[in-house]
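Residue strings, one per chain:
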Amino acid sequence: ASCASCVAACPTGALGQDDDALTLDAAACTGCGACVAVCPQRAVSIPGLLPLPPATTGRDGAVLLHCPAVRGGDSPCLNGLGLSALAQLWLDGVRRIALAVGDCEACRLGPIRSFWRDLDAVNVLLADRGLAALIATPATERDRARLPVLGAREDRPAAGRRAFLRGLTKGLTTDDRLEPALARLQAHPGQGDAVRYAFSPRMDAQTCTGCMACLRICPEQSLRLIKAESGDAAYGVDPSLCSGCGLCVDLCDEDAIDILALAPAPPDMALDGYRCRGCGIEAW
């Protein structure tokens, strides 16, 4: 697979990639969680830091994010709140994140890479489904005094060189709550055919050969062989399940598939059947 999302997201350059594997410079790792936030297959985890426990909110659906780089902070770094984590927070009832943070660009954990972009993307998904937005605001003194702290745990280790990665070959985090979060949020009924999804696979009918390799490799079963309304076989896509991992794109020899960000679901692609003159087997 060509995915190198974790390497690209790491704000301190602690992660690298060669022809054989990922590499980790433990001294450079700050435990910010950016790699966890962007991994489409949940193959990276930082025990004790992420994933988040169920959020406890204030009366208005607000929580306090107290930056771990700020004195007394016990929340995750903003770098660790990717699409899945933000979707899970919304499903937990969070509607406002009050940010008690310092200078993120000069932070020892590394500059913020994608939090605001991911927050905008989640709000696009929410708006298309007629759901309330998730907002982030600077924390006031009242917020600091009254709001429950996001992710506070007594057993969390200090961020820094003690933070480490595990499960790089297992494909699972220590908490499966995050796995269905984005899919469950996107499963809410939308308004019209233009409802957008975080990731939407597209197949090119002109170049696709119907080999079904993409269907077989899709780890989320987002790509499927279905029966169209006409009764004929077709390729169908459920973009609510797509994680954007790109395995289908890597595997396709014909470059017949692509994944679009924040795009509507594609139409089903009908398949033309044929019978092999040698063995008589029907295929597409």
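Everything numeric here is computed off the predicted structure, so don't read it as measured data.

(A) Representation of the overall build of the protein within the structure. Helix and strand content of the protein: eight helices and twelve strands. When the 284 residues of the protein are sorted by exposure, 45% land in the buried category. Summing over all exposed atoms, the protein offers an accessible surface of approximately 14600 Å²; the carbon and sulfur share of this is 50%.

(B) How the structure looks around helix H4 (residues 115-128). Between the first and last C-alpha of H4 there are 20 Å, a value that for 14 residues agrees with the 20 Å anticipated at 1.5 Å per step. The complete set of buried residues in H4 reads Phe115, Asp118, Leu119, Ala121, Val122, Asn123, Leu125, Leu126 and Asp128.

(C) Expanded view of the pattern of salt bridges. Summed over the entire model, instances satisfying the criterion amount to seven salt bridges. Arg96 is the partner of Asp60 in a salt bridge, and the nearest nitrogen-oxygen pair spans 3.8 Å. Here Asp60, found in the loop between helix H2 (34-38) and strand S3 (62-66), pairs with Arg96, found in strand S4 (residues 96-100); they are 36 residues apart in sequence, far enough to count as distant. A relative accessible area of 14% places Arg96 in the buried class.

(D) The confidence of the model for the protein, seen in detail. Per-chain confidence: the protein averages 84 in pLDDT, with 87% of residues scoring 70 or above. Mean pLDDT per element in the protein: strand S12 (residues 282-283) is the minimum at 63, and strand S5 (residues 135-138) is the maximum at 97. Low pLDDT, under 50, characterises residues 153-178; the predicted model gives this stretch 68 contacts beyond four residues in sequence or across chains.

(E) Region of interest: the nonpolar core. Membership of the largest hydrophobic core comes to 36 residues, with the highest contact counts inside it found for Leu81, Leu86 and Ile97. Residue contacts for Leu86: discarding those within four places in its chain leaves Leu81, Ile97, Phe115, Asp118, Leu119, Val122 and Leu134. Counting 15 residues, the second largest nonpolar core, distinct from the first, contains Ala233, Tyr235, Ile257 and Ile259.

(F) Representation of the packing of helix H3 (residues 83-91) against H4. At a closest axis distance of 9 Å, the pairing of H3 and H4 adopts a crossing angle of 50 degrees. Considering the angle they form, H3 stands oblique to H4. Handedness of the crossing formed by H3 with H4: right-handed. Every residue of H4 that contacts H3 at Leu83, Leu86 and Trp90 is listed here: Phe115, Asp118, Leu119, Ala121, Val122 and Leu126.

(G) Focus on the layout of surface pockets. Approximately 420 Å³ is the volume found for the second largest pocket. Taken together, 20 residues line the second largest pocket, and the ones lying closest to its centre are Ala1, Cys3, Leu22, Cys39 and Ala43. Grouping the constituent residues of the lining of the second largest pocket by class yields 13 nonpolar, four polar and three charged.

(H) How the structure looks around the packing of aromatic side chains. All chains considered together, the criterion is met by one aromatic pair. Measuring from ring centre to ring centre gives 5.0 Å for Phe115 and Trp116, while their planes differ by 75 degrees; the resulting arrangement is edge-to-face. Just above the ring of Trp90 sits the side chain of Arg95; from NZ or CZ to the centre is 4.0 Å. Over the aromatic face of Tyr197 sits the side chain of Arg129, whose NZ or CZ is 4.9 Å from the ring centroid.

(I) Here's a closer look at unusual backbone geometry. Despite not being glycine, Arg42 shows a phi value in the positive range, around 55 degrees. The residue Arg42 is located in the loop between H2 and S3 in this model. With a relative accessible area of 15%, Arg42 lands in the buried category.

(J) Layout of the pairing of S4. Among the five residues that make up S4, five are buried, leaving the element largely enclosed by the rest of the structure. Side chains of S4 alternate between two faces, with Arg96, Ala98 and Ala100 and Ile97 and Leu99 buried alike. Here S3 pairs with S4 via five bridges, running parallel. In the sheet register, Ala62 faces S4, and the bridge partner there is Arg96. Since S3 and S4 lie parallel, the crossover through H3 that links them has a hand, and here it is right-handed. In the classification by handedness, the crossover that spans S4, the intervening H4 and the parallel S5 is right-handed.

(K) Focus on the side chain of Thr30. Within the secondary structure layout, Thr30 lies in the loop between strand S2 (22-24) and H2. The class for Thr30 is buried, based on a relative accessible area of 13%. Polar side-chain contacts of Thr30 include one of 2.9 Å to the backbone oxygen of Leu109.

(L) Structural view of the environment of Asp238. Tracing the backbone shows Asp238 in the loop between strand S8 (233-237) and helix H8 (247-251). Put simply, Asp238 and Phe199 are 39 residues apart on the chain and 9.9 Å apart in space, counted from C-alpha to C-alpha. Filtering out sequence-adjacent residues up to four positions away, Asp238 remains in contact with Ser222 and Arg224.

Rules used in this analysis
- Residues numbered from 1 in each chain as written.
- Predicted model: local features only at pLDDT ≥ 70, side-chain atom pairs only at ≥ 80, totals over all residues.
- Heavy atoms only, no water.
- Helix = DSSP H or I, 4+ residues; strand = E, 2+ residues; numbered from the N terminus.
- Buried < 20%, exposed > 50% of the residue type's maximum accessible area, 1.4 Å probe, protein only.
- Areas by Shrake-Rupley, 256 points an atom, 1.4 Å probe, with all protein chains shown as cover.
- Expected span 1.5 Å × (residues − 1).
- Salt bridge = Lys/Arg side-chain N within 4 Å of Asp/Glu carboxyl O.
- pLDDT = per-residue confidence, 0-100.
- Contact = heavy atoms within 4.5 Å.
- Core = buried A, V, L, I, M, F, W, Y, C linked by side-chain atoms within 4.5 Å.
- Axes fitted to C-alpha atoms, helices over the stretch in contact; angles between N-to-C directions.
- Parallel < 35°, antiparallel > 145°, perpendicular 65-115°, else oblique.
- Left-handed = near helix turned anticlockwise from the far one by under 90°.
- 1 Å grid on protein atoms, 1.4 Å probe; cavity = no way out; pocket = protein on both sides within 12 Å on 5 of 7 lines; lining within 4 Å.
- Points joined across faces, edges and corners; volume = space filled by probe spheres on them.
- Nonpolar A, V, L, I, M, F, W, Y, C, P; charged D, E, K, R; others polar.
- Phe/Tyr/Trp six-rings, centres within 6.5 Å; stacked < 30°, edge-to-face > 60°.
- Lys NZ or Arg CZ within 6 Å of the ring centre and 35° of its normal.
- Pairing = 2+ DSSP bridges.
- Right-handed = clockwise from strand over helix to strand, strands pointing away.
- Polar contact = N/O pair within 3.5 Å; in protein donor to acceptor, adjacent residues only side chain to side chain.

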